[in-house]
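Results of the structural survey
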Amino acid sequence: MLELFGMFVLALAPIIWLVIALCGLHMEAYLASLGALVVAAVCAALGWAMTPVNMATAALEGFAMALWPIVIVIIAAVFTYNLTVHTGAMETIKRMLCSVSADRRVLTLLIGWCFGGFLEGMAGFGTAVAIPASMLMALGISPVTAILACLIANGVPTMFGSIGIPTTTLASITSIDVVELSTVQAIQVFPFVVACPILMVALVGHGRKALRGMLPIALVSGGSFAVCLLLAGHFIGGELPDVVASVVSLVLTFAFALRMHRAGVEVPEEYRLQTAGDGDAPNESVADKLRAWAPFALIFVVLLATSKLVPFVNGPLSAIKSTVNIYAGDPTATLTFSWVNTPGVLIFICGIVGGLIQHCPPREMLGVLGATCKQMSKTIVTMLGVLACAKIMGYSGMIASISDFFVAALGGFYPLVAPLLGALGTFVTGSGTSSEVLFGNVQLHAAQSIGANETWLVASNSLGVSAGKMLSPQNIAIGCAACGLTGKDGEILGRIAKYAFGFAVVMAVIVYAGSLVL
């Protein structure tokens, strides 16, 4: 057992380094991830006798997986968002969302929950905190409250964020069917999705009394989101659940709020925002509003049309692919590149067409693309480092050693800590995708060792991501920067911790209970 513990500690060294580098040394994520890659390489050579050739090709496979499809979808999604900001369309979208109510609680649901969920589904990588939080602050909600509300909202959609990259990546590295995995993830996260809007209303209203008269709309907002996550995950897969759920939730919440407004429901003075519904907004036509939503509508339609729901389109496009063996240590370890039917390519096409619809000249689009690549350059390096590190850990046997120790120490109680690993990975790296890469195979090996349902335990890693994303120093820093609260990270972390830890405890219980019956 002592030897097993020693190998466990050595195998955890890259993760320990990330914790120290990010939280103790306050190192930037891209530098910390490169450091983790170096630590993983040294440990793999010393503890698991991994050869230089195997190590180099494992890292190369990680680089390739990071670049295609992960980095391409990151660039495409953020480019599309930046383009809508550049053309002014994002301001039109903001005004549309804010036109329905003067109640801070309702606007928090519409902007922080529904629109934030949409941004997470389309772009992710901090946009779903930075943009809604800054919008809520501009409407008169205090910056700290706005950030906290958006951190709560941003946790649960993360597994399906950025057109499902965390889920599709997890399915890829564990060889679990993506539809099966998406369905189980949606089942596990269901109660937390329903709870989030209720918590957000109580937060912005400074207590449970704020739920008076608001519980129905909060349940509509969360319940519709949760149901659509489940349906989209089961019938479409991992790419669109967030987008479908957020759109449906937005429409239903907007309609419910409009009904409340027309019914003459009085907004208590303490919740009224004087800035909402003022007369300073420009007069915009229906065509202007449709044009503003064009890139996002195109992405929704195109991704749906090329999904497995439309096999006569999906089949031919998916056939345009290449399969290669990069890792020298296992000729059966192959990597498949889908060249057309991959979210990044499709989003790029939709973003460009949407930009043309918004009358953006091609030269300006190139400028926005260049600025986006520069903006995301450190994130790209982070993804390269984390994926390469994870591949070395996986192929060398380091991940198996982590799993072996947990299984030996906890046995059948391992599912209690399964979601906590997912939370740890996201807390450290700030990325749901990185957490899936780091710990996805740990969960798979553990499930196989204790005889638990593999899909259930692997999905629990994504569930834990939801709690870890709330606490992530990177996510908090993005919110603080967007709202001009630089240096207040510690205060935000302290106030959001009770929500994240509360979620984590309930998640552990749900995962353990599920492992007993499946």
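See the structure printed just above.
Residues numbered from 1 in each chain as written. Predicted model: local features only at pLDDT ≥ 70, side-chain atom pairs only at ≥ 80, totals over all residues. Heavy atoms only, no water.

For the rest of this paragraph, the subject is the state of the cysteines. Under the definition given, this model contains zero disulfides. With no disulfide of its own, Cys 43 lies closest to Cys 389 among cysteine sulfurs, the gap being 9.3 Å. (Disulfide = S-S within 2.5 Å.)

Turning next to the nonpolar core. In this structure, Trp 113, Phe 115, Ile 392, Met 393 and Ile 496 are the most contacted members of the largest nonpolar core, which totals 176 residues. For this core, the element with the most residues is helix α4 (residues 52-87), which contributes 17 residues. Setting aside anything within four residues of it in sequence, one finds Ile 392 in contact with Leu 37, Ala 40, Ala 41, Ala 44, Met 50, Met 55, Ala 58 and Ala 59. (Core = buried A, V, L, I, M, F, W, Y, C linked by side-chain atoms within 4.5 Å. Buried < 20%, exposed > 50% of the residue type's maximum accessible area, 1.4 Å probe, protein only. Helix = DSSP H or I, 4+ residues; strand = E, 2+ residues; numbered from the N terminus. Contact = heavy atoms within 4.5 Å.)

Mapped onto the secondary structure, Ile 15 falls in helix α2 (residues 13-24). Distance in space between the C-alpha atoms of Ile 15 and Ala 36 is 7.2 Å, their sequence separation being 21 residues. For Ile 15, the contacting residues outside a window of four places in its chain are Met 393, Leu 424, Leu 438 and Phe 439.

With that settled, consider the pattern of salt bridges. Under the counting rule described, the total for this entry stands at six salt bridges. Between Glu 61 and Lys 391 there is a salt bridge, with its nearest N and O atoms 3.0 Å apart. One end of the pair, Glu 61, is in helix α4; the other, Lys 391, is in helix α17 (residues 377-396), and 330 residues separate them in sequence. Put simply, Asp 103 and Arg 105 hold a salt bridge, and the shortest N to O gap is 2.7 Å. Owing to a relative accessible area of 3%, Asp 103 belongs among the buried residues under this scheme. (Salt bridge = Lys/Arg side-chain N within 4 Å of Asp/Glu carboxyl O.)

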